[in-house]
Amino acid sequence: MKNLEVCGGCNAKIAAGNLDSLLKDINPYRRDDIIVGFDKKDDAAVIDIDGKTCIIQTLDFFPTMVEDPYLFGQIAAANALSDVYAMGGEVISALNIVTFPLEEDFAILREILRGGNDKVTEAKASLTGGHSIHDKTIKYGLSVTGKVEKSKIWKNNTPEDGDVILLTKKIGTALVTANYAQGLVSENDFKACVSQMARLNKYARDIFVNYHIHAATDITGFGLLGHLSEMAGDDYSIVIDSKKVPILSPAKDLAGEFLYTSGGQNNRSYLSDKVEFMIDDFAMEEVLFDPQTSGGLCVAVEKSEAEKIKNEFEKQGLEIWQIGQVMKKRSYPIIVK
């Protein structure tokens, strides 16, 4: 069985600016029981069932970003499941989404599906079917259904003044995976990146639900700065301390050698009027724009809650970083110092 071609992950997403122009004249009918749609660019849709319990719906799939089919299946599934966790929800079920070349070895597809199923099982959810079509490139992901109490939904744009920003995974996945394929990343660094991408955000979510989370999102294709700009919304600015942002090795070194990704450049272009850099560090800028595949959860919480959360993460052997602060609106939604 041959290896997969490395060509995508969340780096393959259509640029945010293009999406904005595509969707600006599309006005979907809004039922009263749709609590969260795509108008605020939140992580998933939320549907009120009975005034107490809500259903969460999301979908994510992409082309391959690692050579191993089983690992690709795990990463793609973890990435798709993450949107439910980013809303504070519990995953119930998932459906496979597959495109696969007719002439390709179907043992590869079996391994992709096995990897996806193992992650859905780890999430204590049920894989209930799916849909597949023949296509010239391999793509895989999931349509995911979750549930959450109506009073406990997390949204991505509801921080409060003085909140601190916590992040649960390092950034730099596109820089690492794209350049590993070119022989520029060590085996150990690549394995660390892959292990992080395959890790479910369930474990972080299971801690966060015990605290008062003001806003939450997961960091994926629009990069750390893109998702934080959505969190800042119209009323706040988020100040990021670049020295406290966790970075996968050797992502920043690669960016410093101008070995960045097209997705990162799309993010830079889209955010050009939304970010003020108070540092002179091109490589750091590129890492902050870098598209993430199966990135971590990012939350806004009150300072005293943040200390309790960090202590709980440490007790459970999980990593977490405090990277910034929410402030009343400044001249830019995001300020990097």
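Computed from a predicted structure; not experimentally measured. (Residues numbered from 1 in each chain as written. Predicted model: local features only at pLDDT ≥ 70, side-chain atom pairs only at ≥ 80, totals over all residues. Heavy atoms only, no water.)

1. Thoughts on the pattern of salt bridges
Phase 1: This model, assessed by the stated rule, comprises 14 salt bridges.
Phase 2: Glu149 is paired through a salt bridge with Lys152; the nearest N and O atoms lie 3.8 Å apart.
Phase 3: Take Glu149: its relative accessible area is 43%, and that puts it in the partly exposed class.
Phase 4: Classification of Lys152 by relative accessible area gives partly exposed; the value is 48%.
Phase 5: Here Glu307 and Lys310 are joined by a salt bridge, their closest N and O atoms 3.0 Å apart. Linking Glu307 with Lys310, this pair stays in helix H11 (residues 303-315), spanning three residues, or about one helical turn. (Salt bridge = Lys/Arg side-chain N within 4 Å of Asp/Glu carboxyl O. Buried < 20%, exposed > 50% of the residue type's maximum accessible area, 1.4 Å probe, protein only. Helix = DSSP H or I, 4+ residues; strand = E, 2+ residues; numbered from the N terminus.)

2. Considerations on the sheet that holds strand E4 (residues 90-100)
Within a beta sheet, neighbouring strands are joined by backbone hydrogen bonds and run either parallel or antiparallel to one another.
Phase 1: Strand order in the open sheet made by the six strands is E1-E2-E3-E6-E4-E5, with mixed pairing throughout. Where the open sheet ends on each side, the last strands, each with one partner, are strand E1 (34-36) and strand E5 (126-134). Strand after strand, the sheet turns through a mean of 20 degrees between neighbouring axes, direction not considered.
Phase 2: Note that E1 and strand E2 (residues 45-48) share two bridges and pair antiparallel. If you follow Val36 over to E2, its bridge partner there is Val46.
Phase 3: Running at roughly 150 degrees to strand E3 (residues 53-63), helix H2 (residues 69-86) makes contact with E3, E4 and strand E6 (139-149) of the sheet.
Phase 4: Together, E4, E5 and E6 form the strand contacts of helix H3 (residues 106-122), whose direction differs from that of E4 by roughly 170 degrees. (Pairing = 2+ DSSP bridges. Axes fitted to C-alpha atoms, helices over the stretch in contact; angles between N-to-C directions. Contact = heavy atoms within 4.5 Å.)

3. Overview of the UniProt feature "domain: PurM-like C-terminal" (unreviewed entry) in the protein chain
Phase 1: As recorded in UniProt, the sites labelled "domain: PurM-like C-terminal" (unreviewed entry) are residues 161-333.
Phase 2: The span residues 161-333 is 42% helical and 17% strand by assignment, and the distance between its end C-alpha atoms comes to 13 Å. (UniProt positions renumbered as here; feature names shortened; annotations may be inferred.)

4. Some thoughts on the packing of helix H4 (residues 173-180) against helix H5 (residues 187-198)
Working note: a packed helix pair is described by the angle between its axes plus the distance between those axes.
Phase 1: Contact pair H4 / H5: the axes reach a minimum separation of 10 Å and the direction vectors enclose 130 degrees. Taken together, the axes of H4 and H5 lie oblique to each other. Between H4 and H5 the crossing geometry is left-handed. Contacts from Thr173, Val176, Thr177 and Tyr180 of H4 reach H5 at Glu187, Asp189, Phe190, Cys193, Gln196 and Met197.
Phase 2: Its residues placed into classes, the contact of H4 with H5 shows five nonpolar, three polar and two charged. (Parallel < 35°, antiparallel > 145°, perpendicular 65-115°, else oblique. Left-handed = near helix turned anticlockwise from the far one by under 90°. Nonpolar A, V, L, I, M, F, W, Y, C, P; charged D, E, K, R; others polar.)

5. Focus: the nonpolar core
Phase 1: The biggest cluster of nonpolar side chains holds 75 residues, and the ones touching the most others in it are Phe72, Leu142, Ile165, Leu224, Leu228 and Ile238.
Phase 2: Here the element with the most residues in this core is H2; it accounts for nine residues.
Phase 3: When neighbours within four sequence positions are excluded, Ile238 is seen to be in contact with Ile165, Leu228, Met231, Ala232, Gln325, Val326, Pro333, Ile334 and Ile335.
Phase 4: Among the nonpolar cores identified, the runner-up in size contains 16 residues, and Val164, Ala204, Phe208 and Ala306 belong to it. (Core = buried A, V, L, I, M, F, W, Y, C linked by side-chain atoms within 4.5 Å.)

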